[in-house]
Amino acid sequence: MAKKNTKKVKEEEVEEEEEEEEEEVVEVEEEMELLQVDVGDVIKVKQILDEAVAETLVSEELSSHGDKVQLEEDYRHENIKLFLMALACVFAAVAQFGLASDFPNNRMWLGICCASYFCLSGVLQLIMTFIDKDCIMMTKAVSDDDMIKLIKKSGNKEMDKYGIRVRTQFPRFSEFYTVILEFQGKEPTSEFVKGTWSVGQFFDVDGYFDEEGLMEEIEGLYRRFEAGKFDKPEDETVSAKKIKSN
């Protein structure tokens, strides 16, 4: 009788463990639910890809050294643009709700507010056109001593001086998505790594997005940058010609 009871207890424990494992698998599947987008919407596709790239570059598993090396996004440039946007909105709100009712007595102040709004909007457009260009994010230079030592051992000697400028390109009528990592603020920008993939590698015919697949590619691209295995400028021109020919 004692042996039968112990067998029953063991069987019940095994069943409970199996049920727990099944529950964990279901939870993982729920967490891994794939994002579906309309692959004909080029702007949305690029947005999804850019967000996944930015998320990967600040993740804990990015570096070959694991969570011992982690990048930090630099928001200073974005904060400047947000300040200019907010200031432009203030001028527009004052002109619309504070001065328009007493027109034409205060037309000079109304004109100043309108001119200020259009000037600030113009400055923002110039920043996005000539400074941002295809940049989606920037990271800070590594400042932690332990991180600096690990990165320099890998091969990159200047990540403590410069942050990383992340550029992405997805030309119109093209299936190829390109990510470029280069030093932010270093001239000339001859030290970079570049990866180009077909979007069909990350989206199926129904528009489901393979985020993990893209993250693995970006991790590999960053680790090349971390190791100082930079591409040559002529490689960039050759790959550009290949994309055009395809």
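The structure presented is a predicted model; accordingly, all values stated were derived computationally and were not measured.

**Comments concerning the pattern of salt bridges**
Here comes step 1: Counted according to the given criterion, the structure contains 12 salt bridges.
Here comes step 2: Among the charged side chains, a salt-bridge network with shared partners connects Asp 134, Arg 165, Arg 167 and Glu 182.

**Re helix α5 (residues 145–154)**
Here comes step 1: Within α5, burial applies to Met 147, Ile 148 and Ile 151. The buried side chains of α5 occupy one side of the element, clustering within an arc of 100° when seen end-on. Away from the buried face of α5 by more than 90 degrees, exposed residues Asp 145, Asp 146, Lys 149 and Lys 153 are located.
Here comes step 2: Check the buried side of α5 and you find it contacts α6 (211–226).
Here comes step 3: For α5, the side-chain oxygen to backbone nitrogen distance between the N-cap and Asp 146 is 3.1 Å, and the N-cap itself is Asp 144.

**Observations regarding helix α3 (residues 76–99)**
Along an α-helix, residues three or four apart share an orientation, since each turn contains 3.6 residues.
Here comes step 1: For α3, built from 24 residues, the straight-helix expectation of 34 Å at 1.5 Å per residue is met to within 8% by its first-to-last C-alpha distance of 33 Å.
Here comes step 2: Regarding α3, the residues found buried are His 77, Lys 81, Leu 84, Ala 88, Ala 95 and Leu 99.
Here comes step 3: Considering only its buried residues, α3 is in contact with α4 (107–132) and β2 (135–138).

**A few points about unusual backbone geometry**
Here comes step 1: Although it is not a glycine, Lys 133 adopts a positive phi angle of roughly 50°.
Here comes step 2: On the secondary structure map, Lys 133 appears in the loop between α4 and β2.
Here comes step 3: You will see that Phe 173, though not glycine, has its phi angle at about 65°, which is positive.
Here comes step 4: Tracing the backbone shows Phe 173 in the loop between β3 (163–169) and β4 (176–184).
Here comes step 5: Under the relative-accessibility criterion, Phe 173 is labelled exposed at 79%.

**What to know about the packing of α3 against α4**
Here comes step 1: Packing of α3 against α4 leaves a shortest axis separation of 9 Å and a crossing angle of 155°. Classified by the angle between their axes, α3 and α4 sit roughly antiparallel to one another. Handedness of the α3/α4 crossing: left-handed. Contact residues: α3 offers His 77, Lys 81, Leu 84, Met 85, Leu 87, Ala 88, Phe 91, Ala 92, Val 94, Ala 95 and Leu 99, while α4 offers Trp 109, Leu 110, Cys 113, Cys 114, Ser 116, Tyr 117, Leu 120, Val 123, Leu 124, Ile 127, Ile 131 and Asp 132.
Here comes step 2: In terms of residue class, the contact of α3 with α4 is built from 19 nonpolar, two polar and two charged.

What counts and how
Residues numbered from 1 in each chain as written. Predicted model: local features only at pLDDT ≥ 70, side-chain atom pairs only at ≥ 80, totals over all residues. Heavy atoms only, no water. Salt bridge = Lys/Arg side-chain N within 4 Å of Asp/Glu carboxyl O. Buried < 20%, exposed > 50% of the residue type's maximum accessible area, 1.4 Å probe, protein only. Helix = DSSP H or I, 4+ residues; strand = E, 2+ residues; numbered from the N terminus. Arc of directions from axis to C-beta. Contact = heavy atoms within 4.5 Å. Polar contact = N/O pair within 3.5 Å; in protein donor to acceptor, adjacent residues only side chain to side chain. Expected span 1.5 Å × (residues − 1). Axes fitted to C-alpha atoms, helices over the stretch in contact; angles between N-to-C directions. Parallel < 35°, antiparallel > 145°, perpendicular 65-115°, else oblique. Left-handed = near helix turned anticlockwise from the far one by under 90°. Nonpolar A, V, L, I, M, F, W, Y, C, P; charged D, E, K, R; others polar.

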